[in-house]
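Chain by chain, the residues run as shown.
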Amino acid sequence: MDILDTQQIFTVALFLGVMGLAWLAVYVNRGKLAGKATAGRRLIVREATGLGNGERALLIEADGQPVLAVIPRKGPAQLLALPRTTQAEDAE
């Protein structure tokens, strides 16, 4: 009694090959795909980090305005509108 048949091995290898090609296509075109995915969005999460005890800090861009949001596990979220920065200020 054979556990693996030649046809089963070929099918798995073919499936993994197709998945690898799909991954490669996404990896090569990730810039174009990311641009299309975020086009027309008004709310973008730029970064997120855990603060401990179930709290998270999110840097959000809403209609081009940066916003810092602190979201606890229990209780209301706190939002703080941040001043806009230019690319020259970010480089310094």
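Residue numbers restart at each chain and count upward from 1, following the sequence in its written direction. Per-residue local features of the predicted model are confined to residues with pLDDT of at least 70, and side-chain atom pairs are confined, for both listing and counting, to 80 or more; whole-chain, interface and lining totals are unaffected and use all residues. To obtain the side-chain values, all non-hydrogen atoms of the structure were included, while hydrogens and water were left out.

### Some remarks on the UniProt feature "transmembrane region" (unreviewed entry) in the chain
- UniProt positions are given in the numbering used here, feature names are shortened, and annotations may be inferred rather than shown by experiment. Feature annotation in UniProt assigns "transmembrane region" (unreviewed entry) to the following positions: residues 6-28.
- Helix numbers and strand numbers start at the N terminus; a helix is a DSSP run of H or I with at least 4 residues, a strand a run of E with at least 2. Helix makes up 100% of residues 6-28 and strand makes up 0%, while its end C-alpha atoms are separated by 33 Å.

### A closer look at the packing of aromatic side chains
- Stacked, tilted and edge-to-face pairs are distinguished by plane angle, under 30 degrees for stacked and over 60 for edge-to-face with tilted covering the rest, among Phe, Tyr and Trp rings (Trp via its six-membered ring) whose centres lie within 6.5 Å. Tallying each qualifying case throughout the model produces one aromatic pair.
- Residues W23 and Y27 carry aromatic rings whose centres are separated by 5.2 Å and whose planes lie at 20° to one another, so their mutual orientation is stacked. You can see W23 and its partner Y27 sitting in helix α1 (residues 6-28), four residues apart, about one turn around the helix.
- You can call W23 exposed: its relative accessible area is 56%.
- Sitting over a ring, as applied to charges here, requires NZ of Lys or CZ of Arg to be within 6 Å of the ring centre and within 35 degrees of the ring normal. Taking NZ or CZ as reference, R30 lies 4.3 Å from the ring centre of Y27, over its face. Between buried and exposed lies partly exposed: a residue is buried under 20% and exposed over 50% of the maximum accessible area for its type, with that area taken using a 1.4 Å probe on protein chains only.

### A closer look at the sheet that holds strand β4 (residues 78-81)
- Strand order in the open sheet made by the four strands is β1-β2-β3-β4, with antiparallel pairing throughout. If you trace the sheet from one side to the other, it starts and ends with β1 (43-52) and β4, each paired once. In this sheet, adjacent strand axes meet at a mean angle of 20° when their direction is disregarded. Paired strands, as defined in this entry, are two strands with at least two bridges between them according to DSSP. Here the axes come from fitting lines to C-alpha atoms, over the contacting stretch only for helices, and the angles between their N-to-C directions go from 0 to 180 degrees.

### Describing the pairing of β1
- Bridge count between β1 and strand β2 (residues 55-62): eight bridges; the pairing is antiparallel. What sits directly across from V45, in β2, is I60.

### Re a nonpolar patch on the surface
- Exposure above 30% relative accessible area and no salt bridge define the residues that can form patches, which grow by joining like charges within 9 Å and nonpolar side chains of Val, Leu, Ile, Met, Phe, Trp and Tyr within 5 Å. A 1.4 Å probe and the Shrake-Rupley method give the accessible areas. Residues count as covered only by the protein chains that appear here. Should a side-chain nitrogen of Lys or Arg be within 4 Å of a carboxyl oxygen of Asp or Glu, the pair is scored as a salt bridge. On the surface, L21, W23, L24, Y27 and V28 cluster together to form a nonpolar patch covering roughly 570 Å² of accessible area.
- Here V28 shows up in helix α1.

### Observations regarding the pairing of β4
- In the sheet, strand β3 (residues 65-71) pairs with β4 via four bridges, with the strands oriented antiparallel. Note on β4: the bridge partner recorded for L68 is L80.
- Between the end of β3 and the start of β4, which pair antiparallel, lie six residues, with G75 showing a positive phi angle near 105°.

### Looking at unusual backbone geometry
- Positive phi is not limited to glycine here, since N53 has a value of about 55°.
- One non-glycine residue, D63, lies in positive phi territory at about 55°.
- Inspection of the secondary structure puts D63 in the loop between β2 and β3.

### Some words on the pattern of salt bridges
- Scanning the model with the defined rule gives two salt bridges in all.
- For R42, the salt bridge identified is with D63, shortest N-O distance 2.8 Å. Taken together, the residues R42 in the loop between α2 (30-38) and β1 and D63 in the loop between β2 and β3 connect sequence positions 21 residues apart.
- Relative accessible area serves as the criterion here: at 59%, R42 is assigned to the exposed category.
- Classification of D63 by relative accessible area gives partly exposed; the value is 47%.
- Two residues, E61 and R46, come together in a salt bridge whose shortest N-O distance is 3.0 Å. Remark: R46 occurs in strand β1 and E61 occurs in strand β2; sequence separation between them is 15 residues.
- Judged by relative accessible area, which is 25%, E61 ranks as partly exposed.

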